[in-house]
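Structure at a glance
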Amino acid sequence: MADAVQTPQPTFPPRIFSGIQPSGGLTLGNYLGALKRFVEKQEEGIETIYCMVDMHAITVWQDPEKLRQQTREGAAAFIAAGIDPARSILFNQSQVTAHVELGWIFNCIARMGWMSRMTQFKDKAGKNSENVSLGLFAYPSLMAADILSYKATHVPVGDDQKQHLELCRDIAIKFNNDYKVDFFPVVEPVIEGAATRVMSLRDGTKKMSKSDPSDQSRINLTDDADTISKKIRKAKTDPEPLPDSLDALKDRPEARNLVNIYAALAGHTPEQVIRDYAGAQFGTFKPALADLAVAKLEPITLEMNRLMQDQAEIDRILGAGADRAEAIARPIVDQVYDIVGMIRSRRR
Ligand code: AQP
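This structure is a prediction, so every number in the text was calculated from the model and none was measured.

Some remarks on the site of the ligand
In the vicinity of the ligand lie 23 residues, with S23, K124, D160, K210 and S211 positioned nearest. Within the contact set of the ligand, an oxygen atom lies 2.9 Å away from a side-chain nitrogen or oxygen of K207. Compared with its free state, where it exposes 640 Å², the ligand has 97% of that area covered by protein. Judged by its atoms lying within 2 Å of the grid points, the ligand is housed in the largest pocket. Of all the secondary-structure elements, those providing two or more residues to the shell around the ligand are strand 1 (15-20), helix 1 (28-43) and helix 6 (119-125). With four residues, the top contributor of residues to the shell around the ligand is helix 1. Across the shell around the ligand, the residue classes tally to six nonpolar, 12 polar and five charged.

As structure tokens, then:
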């Protein structure tokens, strides 16, 4: 088969899908790049489907009991941040088997060359690429299946996921071309806001990540007010005051990161923040940012802690969400089996 060629798109009804890995506690990066946007999309009244992608989490080793807890904690974070399980579908990936079924079919659509170009795999595998799991390599193909099991049209994500979404588009186009159908939509990434890539508090050139070995590099959604304040006050910066234009922050990644975080938390643009704080020393800016971060994050943390007191209720919400997700995904994946030529003669 030839590589993908763009075909004209039929219209698909708007549907949002996105997920977060329960591979650790959620960070400020996950919150600003993803979770906060998920809530905004829900409020726009579009159909929204959100998932704790536990099958993705096990592409690197996870302690089973911790994985269960992190999945519940992630779900609690979604609800505490404003996801309403009655309006959005909220579930964990492994409860809806359509994802892995379509994931296998997409493994047979995606090309080795496409997968080999994925920079996140290269970053995560590092020098150890012979020893990482096959699942880590195939991760973006399963991610495409997560999205396309629902024929989702829009995917809110942080900037780091842009390349994976381009691959999802290539897979949809190649599937449609190979089987001469207009079956899958070509998804649109939704990468918006002042903090689409929140950087580490210790190194402004590295993404803030839940799996960074240094806890000081990130703000966790489980951190208390005091810890958030301390981490921000100790964040790496330079000795210069804040300038009066964003251009002047070009070679100051740590300073730029704190300005972006402030803007995203305050709901301002980075330009507004730089206007308000032009000439300010970090001795002034960091405490203001710490107060803002505590004011925005503390209510979420407190609500998460409250929700985590009733884990059976979280499991119930995830199960009910999975039933609703399954009702959408099952017929779509059954149609895919027909399209690719699988006999489906069992009585259900
Ligand atoms: N630093 C970040 N800035 C903005 N957005 C971010 N996201 C993650 N980190 C940042 C967004 O959060 C969503 C869920 O990401 P994920 O958990 O599925 O995986 P990830 O991108 O690999 O996140 P982590 O924290 O770095 O996880 P680990 O350490 O387990 O690999 C995505 O929309 C992502 O863009």
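Remarks on empty space enclosed by the protein
In total, this model carries one cavity of 30 Å³ or more according to the counting rule given. Roughly 40 Å³ of volume is contained in the largest cavity. Every element with two or more residues in the lining of the largest cavity is listed here: helix 6 and helix 7 (134-148). Along the lines of polarity and charge, the residues of the lining of the largest cavity split into five nonpolar, two polar and no charged.

Things to note about the layout of surface pockets
Volume-wise, the largest pocket comes out at about 1,200 Å³. Around the largest pocket, the lining comprises 49 residues; the ones closest to its centre are Q120, K124, D160, Q161 and K207. Looking at the lining of the largest pocket, the elements with two or more residues in it are strand 1, helix 1, helix 6, helix 7, strand 4 (154-156) and helix 8 (162-178). Of the residues belonging to the lining of the largest pocket, the class tally is 18 nonpolar, 20 polar and 11 charged.

Concerning the nonpolar core
If you look at the biggest cluster of nonpolar residues, it comprises 60 residues, and the most contacted ones within it are Y31 and F285. Sort the elements by how many residues they give to this core and helix 12 (residues 282-307) lands first, with 11 residues. Among the domains, domain 1 (15-196 + 310-340) and domain 2 (215-306) are the pair contributing at least three residues each to this core. Not counting residues up to four positions away in its chain, the partners in contact with Y31 are K36, A81, L221, L265, L297 and I300. In terms of nonpolar packing, the next biggest core, distinct from the first, is built from 48 residues, I89, L165, A325 and V333 among them.

What counts, and where the lines are drawn
- Per chain, residues are indexed from 1 in the order of the written sequence.
- Totals for whole chains, interfaces and linings use all residues, but because this is a predicted model, local features are given only for residues with pLDDT of at least 70 and pairs of side-chain atoms are given and counted only at 80 or more.
- The side-chain numbers reported here are obtained from all heavy atoms of the structure, hydrogens and water having been left aside.
- Being near a molecule or strand, for a residue, comes down to having at least one heavy atom within 4 Å of it.
- N or O atoms within 3.5 Å of each other form a polar contact, as long as, within protein, one can give a hydrogen and the other can take it, and as long as residues adjacent in sequence are counted only when both atoms are side-chain atoms.
- Each accessible area value is a Shrake-Rupley result obtained with a 1.4 Å probe; residue values ignore everything except the protein chains displayed when judging cover.
- Only protein atoms enter the 1 Å grid used here. Points where a 1.4 Å probe fits but cannot escape make up a cavity, open sets with protein on both sides within 12 Å along at least five of seven lines make up a pocket, and a residue lines them when an atom lies within 4 Å of a point.
- Placement in a cavity or pocket follows one criterion, namely that more than half of the molecule's atoms lie within 2 Å of its grid points.
- By definition, any uninterrupted DSSP run of H or I lasting at least four residues is a helix, any uninterrupted run of E lasting at least two residues is a strand, and each is numbered from the N terminus.
- Amino acids outside the nonpolar list (Ala, Val, Leu, Ile, Met, Phe, Trp, Tyr, Cys, Pro) and the charged list (Asp, Glu, Lys, Arg) are all regarded as polar, and Gly is one of them.
- Grid points are joined across faces, edges and corners, and a volume is the space filled by probe spheres set on the points.
- Among buried residues, those of type Ala, Val, Leu, Ile, Met, Phe, Trp, Tyr and Cys that are joined through side-chain atoms within 4.5 Å constitute a nonpolar core.
- For the exposure calls, accessible area comes from a 1.4 Å probe over protein chains only, and a residue counts as buried if that area is under 20% of its type's maximum, exposed if over 50%, partly exposed in between.
- Delimitation of the domains relies on an automatic or database domain assignment.
- Contacts are residue-level and defined by heavy atoms, with any inter-residue pair within 4.5 Å sufficient.

Structural measurements only, silent on function.
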